[in-house]
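# Commentary on secondary and tertiary structure
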Amino acid sequence: GGDSDKAWRTVCIFPALLGFITAYCVIKFTDDSPKGNYSKLKKKKQMGDTNMAKSFCDATLDFNTWLLFVQYACCFGVEITMNNAAALYFKDRFLLTTEAAAAIASIFGWMNLF
């Protein structure tokens, strides 16, 4: 039912709400590490203070970090290309409207979340 010209604007509300709810649940109900929350570990002297800049530099200089970065960039590029090509393919091959073709093609994007 609604106006398809406004639908693309309102469709962003659900992912945003889902993101905020997920963020709240992660902050409220999960631990920072398998040993517990960092603040409690620091109070018990089971964990020392860490330097954020040093940790960041260590991660950026690690070969595995760059390998994962390149692999993810390639996979994400292929995924975006596939999603765009799928919408055009469904529109041309099955004579669907742009909205219907995009909705069906978006299923591939949703599949990657799970």
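Every chain is numbered on its own, with residues counted from 1 as its sequence reads. Reporting in this predicted model follows two pLDDT cut-offs: at least 70 for local features of residues, and 80 or more for side-chain atom pairs to be given and counted; totals over whole chains, interfaces and linings ignore these cut-offs and use all residues. Based on all heavy atoms of the structure, the side-chain values leave hydrogens and waters out of the count.

## Notes on the packing of aromatic side chains
What counts as a ring pair is set by centres within 6.5 Å for rings of Phe, Tyr and Trp (its six-membered ring), and what kind of pair is set by the plane angle: stacked under 30 degrees, edge-to-face over 60, tilted for all other angles. If you walk through the whole model with that rule in mind, you get seven aromatic pairs. Aromatic pair tyrosine 72 and phenylalanine 76: ring centres 5.9 Å apart, planes at 20 degrees, arrangement stacked. In this pair, tyrosine 72 and phenylalanine 76 are both assigned in helix α5 (residues 63–94), four residues apart and thus about one turn of the helix distant. Per-residue accessibility, obtained with a 1.4 Å probe over protein chains only, is compared with the maximum for each type, and a residue is labelled buried under 20%, exposed over 50%, and partly exposed between these values. Exposure remark for tyrosine 72: the relative accessible area of 56% places this residue in the exposed category. Given a relative accessible area of 37%, phenylalanine 76 falls into the partly exposed group. Secondary structure is summarised from DSSP: a helix means a run of H or I of at least four residues, a strand means a run of E of at least two, and numbering begins at the N terminus for each.

## Some remarks on the nonpolar core
Counting residues in hydrophobic clusters, the biggest one holds five residues: Ala86, Ala87, Phe90, Ala101 and Ala105. A total of three residues in this core trace back to one element, the largest contributor, which is α5. The contact definition used throughout considers only heavy atoms, calling two residues in contact when any of these lie within 4.5 Å. Not counting residues up to four positions away in its chain, the partners in contact with alanine 101 are Ala87, Phe90, Lys91 and Leu96. For the purposes of this section, nonpolar cores are sets of buried Ala, Val, Leu, Ile, Met, Phe, Trp, Tyr and Cys residues that join through side-chain atoms within 4.5 Å.

## Looking at the environment of aspartate 49
Topologically, aspartate 49 is positioned in the loop between α3 (38–43) and α4 (52–61). For aspartate 49, a relative accessible area of 71% puts it in the exposed group. Separated by 11 residues in sequence, aspartate 49 and tyrosine 38 have C-alpha atoms that sit 9.6 Å apart.

## Digging into α5
Expected helix span is taken as 1.5 Å per residue step, with the number of steps being one fewer than the number of residues. With 32 residues, α5 should cover 46 Å at 1.5 Å per step; its first-to-last C-alpha distance of 46 Å lies within 8% of that length. Looking at α5, one finds that the buried residues are Asn83, Ala86, Ala87 and Phe90. Of the surrounding secondary structure, the elements contacted by the buried residues of α5 are α6 (98–111). Throughout this description, a polar contact denotes any pair of N or O atoms lying within 3.5 Å of each other; where both atoms belong to protein, one of them has to be capable of donating a hydrogen while the other can accept it, and for residues adjacent in sequence the pair is counted only when both atoms sit in side chains. The N-cap residue of α5 is aspartate 62: its side-chain oxygen and the backbone nitrogen of asparagine 64 are 3.3 Å apart. A positive backbone phi angle near 55 degrees is found at leucine 95, which sits one or two residues after α5.

## Brief notes about the pattern of salt bridges
Salt bridge, as used here, is a side-chain nitrogen of Lys or Arg placed within 4 Å of a carboxyl oxygen of Asp or Glu. In total, this model carries two salt bridges according to the counting rule given. When the shortest N-O distance is used, the salt bridge between aspartate 49 and lysine 42 registers 4.0 Å. A salt bridge links lysine 54 to aspartate 58; the nearest nitrogen and oxygen atoms lie 3.0 Å apart. With lysine 54 and aspartate 58 both in helix α4 and four residues apart, the pair spans about one turn of that helix. Taking relative accessible area as the criterion, aspartate 58 reaches 42% and is therefore assigned partly exposed.

## Some words on unusual backbone geometry
Not every positive phi belongs to a glycine, and lysine 45 is a case in point at roughly 65 degrees. Within the secondary structure, lysine 45 sits in the loop between α3 and α4. Take lysine 45: its relative accessible area is 73%, and that puts it in the exposed class.

Everything listed here is a matter of coordinates, which is why it stays silent on function.
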